[in-house]
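# Working through the structure, step by step
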Amino acid sequence: MVTVSVTLSEQLPATHRDCEHCLERLIVEMRQVDGVVDIRPGENRRQATVIYDPDVTDMHEIETACRNAGQAGCELYARRTLPIEGMHCADCAARLQTGVARLEGVNAVEVNFVAARMDLEYRDDLLSDDAIADRVAEMGYRVSEADADDDAGTGTLRSFLLEPALRPTLAGVGLTLLGIVALVAGAPEPVHIGVFATAALIAGVPVARSGVNGLRINRQLDINMLMTIAVIGAAVLGEWLEAATVVVLFSIGEALEGFAMDRARRSIRGLMSLTPDEATVRRAGVEATMAVSEIVPGDIVIVRPGGRLPVDGVIQRGSSLLDQAPVTGESVPVERGIGDQVFSGTINGSGVIEVEATQPASNSTIARIVHMVEEAQASKAPAQRFVDVFARYYTPAVVVAATLVAVAPPLLFSGIWGDWFYRALILLVVACPCALVISTPVSIVSAIAAAARNGVLVKGGAYLEALGSIRALAFDKTGTLTLGKPEAQQVISLNGSDEHEILRLAASAERYSEHPLGAAIVRAAEARGIDLTATTVVDTSTTTGAGISARIDGQLVEVGSRRLLDNGRLTPVIEEQLLALERQGQTAVIVSVDGAPEGIIALADELRPEAREAVAAIHRAGIEQTVMLTGDRAEVAAVIAGNVGINAVEAELLPDQKVAAVAGLLDRYERVAMVGDGVNDAPALARSTVGIAMGTVGTDTALETADVALMGDDLGKLAGVVKLSRRTKGIIIQNIALALAIKGLVLLLAVAGLATLWQAIFADVGASLIVILNGLRLLRQR
């Protein structure tokens, strides 16, 4: 499929100058073109995205449709995502992005270093695929022949050693070692100089080519150019061993940085390998084995015991225990049967199940999680933004300092030109910011990948850092601290009314309600065999945070809390009954008929088994304050808060009051996280420093909107992700301090004349390896 971005004409034809339906007309025209798979309007209403099958239609037909829609001057840009190989750090991505953006016909380009891909929007009539690949190669990188979402085999030692781009480096290593042997053995000087020169040439040509092209295309002096100058300078001074050592060690360091990032990428993209390549599918009554990529919504997928589910879907036949650990991080298998939603990558237990596909494999929950994690890993944390700004000024500053070191002492103090030139070369080598630049992203990428593999989706480095500094944590009650499935405990008659009739009227009013309490009342009625289909219900009206009213069989029935009925109709006796239920932790729902309270339905929502220990772990993690925010009665909320160990309660809150409560916590504690269901609590989650959504594995809205999403329903992961955040921040600080300390020490030694070129590059490569390995430790965090 090919994706095209369409921007409407700036100057519309006269007949359409004031037309508000130009985009709609364009959509209609596009849908009439054979081969157009989809067209999506943009947010600004001046753009649309068209996806078409190049085997059926082409850009010419798309342009014709634009003209037919009165958009003869609209701009068309093809969109592609290309996998990129050879990027070692975020600076590489920035260089490549600048270089490709200078190509004629490119409208927009974004290089995602973490995901190792380039998103490109361009005029394909002005720019060919070969021209794009050539520019990428000029910048020192490669367009991978593999699919952007297929990195099988990358990140392994074998794939690293067999990488074609590593061959010049390995050859340089071998020749440098051979030259050292020749030098030690007392071989004639031309022999070992020739070997060192050959090593420097073979390993240095790719570096020099990248540096020269970067200077020519981007007009920027990058690290490759600095290394080239240092190698040439060492050769001019006759230091052939150091010339070879500098370029070989630099190339090794760059390659190892790329290998480390591939390991981190592989840790999360490995989730995609959990889905099988083929599946048994029944389509139109015929069973066949087909590629998972060919499965479409509506197909019936047959999953045998021990097999993995290839797509998301709903069970239509059979039941089984499913291991959902790859998606939710929950190690205990769960029972699933007819009508239950299931997810790709989960492992089927002992029963055969038939699952109706609801999503193609490309849009499965695991695929979306992987995509979101990659986007989150690419977003810069505050610490990384600081490092990027620092490195931007750091390298030019060292270049200026190196120039001054080379010329000032000889000119002003009669220093020896050769000595000071050599010291200046050392400063150029030290100018390499690799260890500093990679110190943060490798830690962020590893931490986010570790969290995702344990069922916690963190949507970016900024949220990961913020989690470690929160001082207060607010909880919603229903569905967060409790299971979110309240059940009716008892029906109480107030005026001698029949309990069966009270429940029938309440359930009839709540029959189509989406509120958990309403659903519980309906379940209670159905469990008692009450037929709700014969009841006539009209004039249904809902009052947010209060209840529901309807006219049932001619009677006005009101079902809800005190807010709905507390206008003098609740007698002291009724109030006492309500308080007694609430002190037991039960929610009391009042049923009124024609204005008179006739009964009370008492409901209770079971606490999550892990809630008390989870809250205790949060307190142990150093969170100063925990608060429950709920729309339930204060008495009920106080019982639940006491049972789980929460410090404070704010009850009887409407949705907008929850937002105000979070704002109040922010005033007192500055950094506040809130845990909720991700949908009903969306405004309060958005107001908090970090919004954490529970049980979002099957909820698209929560997956998209939450800052942090607990894919399962395990509150116990909260304390773990807070600790992960703090550990990540600590490792980032360690990495930055170590990188700066090593560079500072080498700088001082260089100015004092106590450092050599090979020592400088060895220190730089060593620092890079140390910070990389330190960051990768986070992959093992649980």
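Residues numbered from 1 in each chain as written. Predicted model: local features only at pLDDT ≥ 70, side-chain atom pairs only at ≥ 80, totals over all residues. Heavy atoms only, no water.

Our focus in this paragraph is the overall build of the protein. Across its full length, the protein carries 28 helices and 29 strands. Counting the 782 residues in the protein, one finds 51% classified as buried. By sequence separation, contacts in the protein at least 24 residues apart represent 66% of the contacts at least 6 residues apart. Per element, the accessible surface of the protein, about 34200 Å² overall, is 55% carbon and sulfur. (Helix = DSSP H or I, 4+ residues; strand = E, 2+ residues; numbered from the N terminus. Buried < 20%, exposed > 50% of the residue type's maximum accessible area, 1.4 Å probe, protein only. Contact = heavy atoms within 4.5 Å. Areas by Shrake-Rupley, 256 points an atom, 1.4 Å probe, with all protein chains shown as cover.)

For the rest of this paragraph, the subject is the packing of aromatic side chains. For the structure on display, the rule yields zero aromatic pairs. Lying across the ring of tryptophan 420, arginine 423 places its NZ or CZ 4.1 Å from the centre. (Phe/Tyr/Trp six-rings, centres within 6.5 Å; stacked < 30°, edge-to-face > 60°. Lys NZ or Arg CZ within 6 Å of the ring centre and 35° of its normal.)

For the rest of this paragraph, the subject is the side chain of lysine 477. Looking at the element boundaries, lysine 477 is found in helix 17 (residues 477–481). Exposure remark for lysine 477: the relative accessible area of 4% places this residue in the buried category. When near neighbours in sequence (up to four residues on either side) are disregarded, lysine 477 contacts Thr482, Met628, Leu629, Thr630, Asp632 and Ile640.

On to the pattern of salt bridges, then. Under the defined criterion, the tally for this structure stands at 20 salt bridges. Across the pair aspartate 299 and arginine 283 runs a salt bridge whose closest N-O atoms are separated by 2.6 Å. One end of the pair, aspartate 299, is in the loop between strand 9 (286–291) and strand 10 (300–303); the other, arginine 283, is in strand 8 (residues 278–283), with 16 residues separating them in the sequence. Among the residues examined, arginine 283 registers a relative accessible area of 36% and is labelled partly exposed. Between glutamate 576 and arginine 583 there is a salt bridge; the shortest N-O distance is 3.8 Å. Under the relative-accessibility criterion, glutamate 576 is labelled partly exposed at 46%. (Salt bridge = Lys/Arg side-chain N within 4 Å of Asp/Glu carboxyl O.)

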